[in-house]
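Per-entry structural report
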Amino acid sequence: MASTSEFSRTLSLLRRERGVSQRTAAGDLGISQALLSHYENGVREPGLSFVVKACDYYNVSADFILGRTLSRKGSMLTSEEVLNAAEPGNVLQGSVMATLQSKLLSGAIGVLFGLLGKLGDKSAINAAASYLGSAVYQLYRHLYRTAGANEAYFALDPAACTMGVADADMKLAETQYARALRSQAAQRAEFPDLSAEALNDNYPGRCQSLTQVLSTADTRLNKLAER
């Protein structure tokens, strides 16, 4: 079986997506609420019979619920998809894990900008692009610096970079983004449908990338908040 953490996270996410309580899901699946809680928290690993029941209950494939694929219907990350993420000459840009993470984030960002495009607010779109652009800038510049490359390539002084200028720019962009969305809400703009069903219909394949990115970040941030 894939890692218990992947299975437990997906199991919990699917239940929340369906909008049912642990008690209801446990009853439907024929187990106690305590046992389902153990499965969702990674305390215990279920047997194959439960995995099959859960797949039928949530209408997903075993590969998906075990964290082996991004597709709810079970299509694995193929060798062709890996090669599509390669440089000319089919030289992989890092490991398969790096390719998978790239696929997850590109899919999630694609859904985000697709939704923002439907909303049609240029300020929100530009602010989101600035936020993500600064994040990529920081990560790449850390790599660039550590690799010993010549930082004269960049206009921003290295000292300013390490003092959090990019962090400040991201915070400003986030503030502008939130302000633009609030302005749209005040004008009673029609926001896109964010239900799981609508996202699956409008962004097949990529929707699961968004779901996994959100779930992983939510778990990580919640642990930080509990400290």
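Conventions and cut-offs
Residues numbered from 1 in each chain as written. Predicted model: local features only at pLDDT ≥ 70, side-chain atom pairs only at ≥ 80, totals over all residues. Heavy atoms only, no water. Helix = DSSP H or I, 4+ residues; strand = E, 2+ residues; numbered from the N terminus. Buried < 20%, exposed > 50% of the residue type's maximum accessible area, 1.4 Å probe, protein only. Areas by Shrake-Rupley, 256 points an atom, 1.4 Å probe, with all protein chains shown as cover. Expected span 1.5 Å × (residues − 1). Polar contact = N/O pair within 3.5 Å; in protein donor to acceptor, adjacent residues only side chain to side chain. Salt bridge = Lys/Arg side-chain N within 4 Å of Asp/Glu carboxyl O. Axes fitted to C-alpha atoms, helices over the stretch in contact; angles between N-to-C directions. Parallel < 35°, antiparallel > 145°, perpendicular 65-115°, else oblique. Left-handed = near helix turned anticlockwise from the far one by under 90°. Contact = heavy atoms within 4.5 Å. Nonpolar A, V, L, I, M, F, W, Y, C, P; charged D, E, K, R; others polar. Core = buried A, V, L, I, M, F, W, Y, C linked by side-chain atoms within 4.5 Å.

**Section: the overall build of the chain**
When its secondary structure is counted, the chain shows 12 helices and two strands. Listing every helix and strand of the chain by position from the N terminus yields α-α-α-α-α-α-β-β-α-α-α-α-α-α. Out of the 227 residues belonging to the chain, those deemed buried represent 33%. Of the accessible surface of the chain, which amounts to about 13900 Å², a share of 55% is contributed by carbon and sulfur atoms.

**Focus: the environment of Thr162**
By the secondary structure assignment, Thr162 is in helix α9 (residues 158-162). Linking Thr162 and Gln138, residues 24 residues apart in sequence, is a C-alpha distance of 9.3 Å.

**Structural notes on helix α8 (residues 122-146)**
Between the first and last C-alpha of α8 there are 36 Å, a value that for 25 residues agrees with the 36 Å anticipated at 1.5 Å per step. Of all the positions in α8, only Ala124, Ala127, Ala128, Ser134, Gln138, Arg141 and Tyr144 are classed as buried. A distance of 3.0 Å separates the backbone nitrogen of Ser123 from a side-chain oxygen at the start of α8, and that oxygen is part of Asp121.

**Here's the deal with the pattern of salt bridges**
In the structure shown here, the tally under the stated rule is four salt bridges. Between Lys171 and Glu174 there is a salt bridge, with its nearest N and O atoms 3.6 Å apart. One end of the pair, Lys171, and the other, Glu174, are both in helix α10 (residues 165-186), three residues apart, so they sit about a helical turn from each other. With a relative accessible area of 36%, Glu174 lands in the partly exposed category. Here the residues in one salt-bridge network are Arg141, Arg145 and Glu151, joined through shared partners.

**Comments concerning the environment of Leu35**
Tracing the backbone through its elements, the reader meets Leu35 in helix α3 (residues 33-40). Once the C-alpha coordinates of Leu35 and Gln22 are considered, the two residues, 13 residues apart in sequence, prove to be 9.9 Å apart.

**Points about the packing of helix α2 (residues 22-29) against helix α4 (residues 48-58)**
Two elements in contact, α2 and α4, have axes whose closest approach is 10 Å; the angle formed by their N-to-C orientations is 115°. Looking at the two axes, α2 sits roughly perpendicular to α4. As α2 runs across α4, the sense of the crossing is right-handed. Residues Thr24, Ala25, Asp28 and Leu29 of α2 pack against Phe50, Lys53, Ala54, Tyr57 and Tyr58 of α4. Taken together, the residues of the contact of α2 with α4 sort by class into six nonpolar, one polar and two charged.

**A few points about unusual backbone geometry**
Residues other than glycine predominantly adopt negative phi, and peptide bonds predominantly adopt the trans conformation. Positive phi outside glycine occurs at Asn59, with the angle close to 55°. Its place among the elements puts Asn59 in the loop between α4 and α5 (62-65). Taking the relative accessible area as the measure of exposure, Asn59 reaches 53% and is therefore exposed. Even without being a glycine, Arg188 presents a positive backbone phi close to 55°. Secondary-structure assignment places Arg188 in the loop between α10 and α11 (196-202). With relative accessibility at 76%, the residue Arg188 sits in the exposed group.

**What to know about the nonpolar core**
Ranked by size, the top nonpolar core spans 21 residues in total, and within it Phe7, Leu11, Ile31, Leu36, Phe50, Tyr58 and Ile65 carry the most contacts. With six residues, the single largest contributor to this core is α4. Other than its neighbours up to four places away in sequence, Leu11 contacts Leu36, Tyr39, Glu40, Phe50, Ala54, Tyr58 and Ile65. Of all hydrophobic cores here, the second largest spans seven residues; its members include Ala108, Val111, Tyr203 and Cys207.

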